[in-house]
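Geometric and topological summary
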Amino acid sequence: MKKYLAVLLAVVFVAAMAVTGCNPADQGSTPDASAPVQTPANTQGGAETPTEEPNLEPIKIGCIQDTSGGASIAGKPNEWGVQYAVKWINENGGVNGRMIELYTRDCQNDAEVGVTCYRELVDEIGVSAIIGPPLSNPASAWVDLATEDQIPIVGHFMDEQCTTDPETGEAYPYMFLAEPSCSVQSYILAQYAMEELGVKTVATLFNTSNAYAVAHEAPFVDYIKANGGTVLAEETFTWTDTDYTAQAQKIAALNPDAVLLCDYCNQMVTAYDNLRDAGYTGKILGANTMYPPFNTLVKNKVYDCYFVQNYDLKDTTKGTIAELVATQMADTNTDYPTSNVGFGWDAAMVLYNAMLQANDPADGEEVREILENNTADVLSAGGETITIDPATHRPTRDMGMYIATYDENNEIVCLVYRTTDYVK
Amino acid sequence: MSLQLLISGISLGSVYALIAVGFAIVFSVLKFSNFAHGGMISACAYIGYYFQRSFPSTPPIYVTILFSALCGVALSFLVDFIAYRRLRAKQAPNIYYFLASITVSIAIVQILSVFYGNNLYAYPAIFESTTFFIGSIRFSTIDTLILLVSLAMLAVLIYLIDKTRVGLAIRAVAINAQTSKLMGINSGFIIVAVFAIAGVLAGVSGVLLGLKYSIYPTLGSQMMLKGFIASVIGGLGSLSGAIAAAIILGVVEIFLTYYLGSLSTPIILFGVMLVFLAVRPEGIAGRFAKDKV
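Residues numbered from 1 in each chain as written. Chains lettered and ligands numbered in written order. Predicted model: local features only at pLDDT ≥ 70, side-chain atom pairs only at ≥ 80, totals over all residues. Heavy atoms only, no water.

Another aspect to go through is the overall build of chain A. On a plain count of helices and strands, chain A comes out with 15 helices and 16 strands. A total of 424 residues make up chain A; the buried ones form 60% of that total. For chain A, the proportion of contacts with a sequence separation of at least 24, taken over those separated by at least 6, is 66%. If you sum the accessible surface of chain A, you get close to 16,000 Å²; carbon and sulfur atoms cover 51% of it. (Helix = DSSP H or I, 4+ residues; strand = E, 2+ residues; numbered from the N terminus. Buried < 20%, exposed > 50% of the residue type's maximum accessible area, 1.4 Å probe, protein only. Contact = heavy atoms within 4.5 Å. Areas by Shrake-Rupley, 256 points an atom, 1.4 Å probe, with all protein chains shown as cover.)

Okay, structure coming up:
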């Protein structure tokens, strides 16, 4: 009986590990992009090499994404983008001949789990750098840890508080952002709304539990006020709320020219439907989570929606995003295109660019120095360039965003690519 | 505006009622809070969605609901077999049921995340318009459907429990399982019947919530919190109490959010729940509830 029990427990344990993705050697769900590509170079890397020969030991890099939590809809394609970039790097000779070994972990959009993932990657695996998620809550918990351990972290945590100290404005030494921050995105959106759409009065509806949403809302409101507009209401909700009807009715009664929605896609869908159901017929502005599948999930007709978008996913003439998205959709049985594939790719490429320039790409301090001072014109998936501002560790303002909308066929249309030099 | 808020509150309450009834039926007999119900709702939402997609032309929604309800029954039996049956055989304390139900709920969500986490889904719209008017008052079509279904299910359940032999047996087992057994009632069959009812409710809830919201792995478990509050306020195990409390909860929540904001509202709602547990643990239904796990 005990033998059967032991066998049963072993089977359950293995099944649970497979289900939760905690396999110590797990490299994600994409078979061909998952495991580090074994080349003659990296299979030799484990051996002790004479000092005159180049070091061909693999470089261990961590990747922390939310692949099972509330933001997994973004985390999974993000992780795939990183895996695909690493595969591409290894197939193209690695970092000066050294292959990259990628170790992925699931932070479940939870700051505490994120710290556990970080500690495991740094203390047990011994990674040299980490590619972080497009999530501000977990990333903000790594600021001090990364400094202490000298581990550069490149990611898409757009809240500026993940990269600069809100008190002093100084950049955190080891945190780097690979896309425009929430503030910049909000300035671009607010600027477009006022200049092109003629918006004078606005209301906002956002998730106060989500740093990403809060970091979008405040700069948007600042911009509107600073440029003569009026903010009629700032309505909020939290993670535990499932319905925003009361807030929507309040906003509908005030009838502003436009309403800004900020949160992840799921909540954006509910907020949009609640607003339209409450009788609001004005313009609805959104963060970049308003991209598909938003248009396929809402129950109301999609109209007068304007939102920021990192890439023109249909543009096959610029960058690699269209190809990346098509490959990811085919590989992972995903039903709709998502920008997050490009996020993962971009973060990996920014780190790769720094490692290429380093004498020792596994030296966190050296890579950090290069990320800060010598990251210029790295080609993004969208065909734009990423130049890191040494003062903020975020892309310079010449990296902008598209303003996108949905046409009458419910198809996404990128209207214009805009940058901003607005500073609060 | 107040009338519009009242209607919106009743609509929101109907969603909570759907969850609370499934919760209450299991508690009434087995005396534990079946948190796995949330995971089952999520699973049934996916089942209904894939059932619809498997036909060249979308089948009528009642066919989808029926199929999902049948699958809900099967899933409910499976959950009982995996998580609860051995606990019953060992006459384990309620805390074990509580832990088992939480574990099953998390496991279902994780399994759904692994297999379906790449995409968000939505049922095709079943109404041409998402709202309709009576006078100047705006009604949500899907919320009205949910309210009607909740009330219909309550009516069927009350008939089943009050007017049938199985219902009589359920009531007897709910009062005292051991004594019922001595009186010749097959309590094992009654428990299976209760899980079957809970499965039907999970199946119906899954499709209806899927029609209202998007489909994602935590859909059901996210709704459980408010369903649980309604169940406590209504009197754990009381079906009519759960529905009444759910409607009241929806109305109060809408008014509080409108006038005080969404940040203060949960403090008051949880405060009310604590007051009920401390002062009137039997809930508004007045029915005695022995365990409040």
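Once that is clear, we can look at unusual backbone geometry. Residue and element names in this part refer to chain A. Here the bond from Pro292 into Pro293 is cis, since omega is 20 degrees, no more than 30 degrees from zero. If you check the backbone angles, Asn109 has positive phi at about 55 degrees while not being a glycine. Its location among the elements puts Asn109 in the loop between strand 2 (100–106) and helix 5 (111–125). Residue classification places Asn109 among the buried residues on the basis of a relative accessible area of 17%.

Quick look at the environment of Glu124 of chain A now. Topologically, Glu124 of chain A is positioned in helix 5. When the C-alpha positions of Glu124 of chain A and Cys265 of chain A are compared, they lie 35 Å apart, and in sequence the two are 141 residues distant.

Looking now at the domain arrangement of chain A. It is common to report an interface's size as the accessible area lost on association of the parts. Residues and elements named next belong to chain A. Examined at the domain level, chain A breaks down into domain 1 (2–46 + 56–180 + 314–392) and domain 2 (182–309 + 402–418). With 19 residues of domain 1 at the interface, the matching set in domain 2 holds 21 residues. Both sides of the domain 1 and domain 2 interface together cover about 1,600 Å² of buried area, and 52% of this is carbon and sulfur. Our count for the domain 1 to domain 2 interface comes out at one salt bridge. Our count for the contact surface shared by domain 1 and domain 2 stands at nine residue pairs in polar contact (both at pLDDT 80 or more). (Domains from an automatic or database assignment. Buried area = accessible area lost by both parts, 1.4 Å probe. Salt bridge = Lys/Arg side-chain N within 4 Å of Asp/Glu carboxyl O. Polar contact = N/O pair within 3.5 Å; in protein donor to acceptor, adjacent residues only side chain to side chain.)

Residues and elements named next belong to chain A. Counted residue by residue, strand 10 (residues 305–309) has five buried out of five residues, so it is predominantly covered. The two faces of strand 10 match: Cys305, Phe307 and Gln309 on one face and Tyr306 and Val308 on the other face are all buried. Here strand 9 (residues 283–286) pairs with strand 10 via three bridges, running parallel. For Gly286, the partnering residue across the bridge sits in strand 10 and is Phe307. Relative to strand 15 (residues 401–406), strand 10 runs antiparallel, the two being bridged by three bridges. The residue of strand 15 that forms the bridge with Val308 is Ile403. (Pairing = 2+ DSSP bridges.)

All right, on to the interface of chain B and chain A then. Opposite the 36 residues of chain B that make contact, chain A presents 38 residues. Roughly 3,200 Å² is buried in total at the junction of chain B and chain A, and carbon and sulfur atoms are behind 49% of that figure. Summed over the shared surface of chain B and chain A, the number is two salt bridges. A salt bridge links Lys212 of chain B to Asp243 of chain A, with the shortest nitrogen-to-oxygen separation between them at 3.5 Å. Applying the counting rule to chain B against chain A returns 13 residue pairs in polar contact (both at pLDDT 80 or more). When contributions to the side of chain B that touches chain A are tallied by element, the ones reaching two or more residues are helix 1 (2–30), helix 4 (94–116), helix 8 (187–212), helix 9 (219–234) and helix 10 (239–260) of chain B. The element that contributes the greatest number of residues to the side of chain B that touches chain A is helix 1 of chain B, accounting for five residues. Across the side of chain B that touches chain A, the residue classes break down as 18 nonpolar, 14 polar and four charged. (Nonpolar A, V, L, I, M, F, W, Y, C, P; charged D, E, K, R; others polar.)

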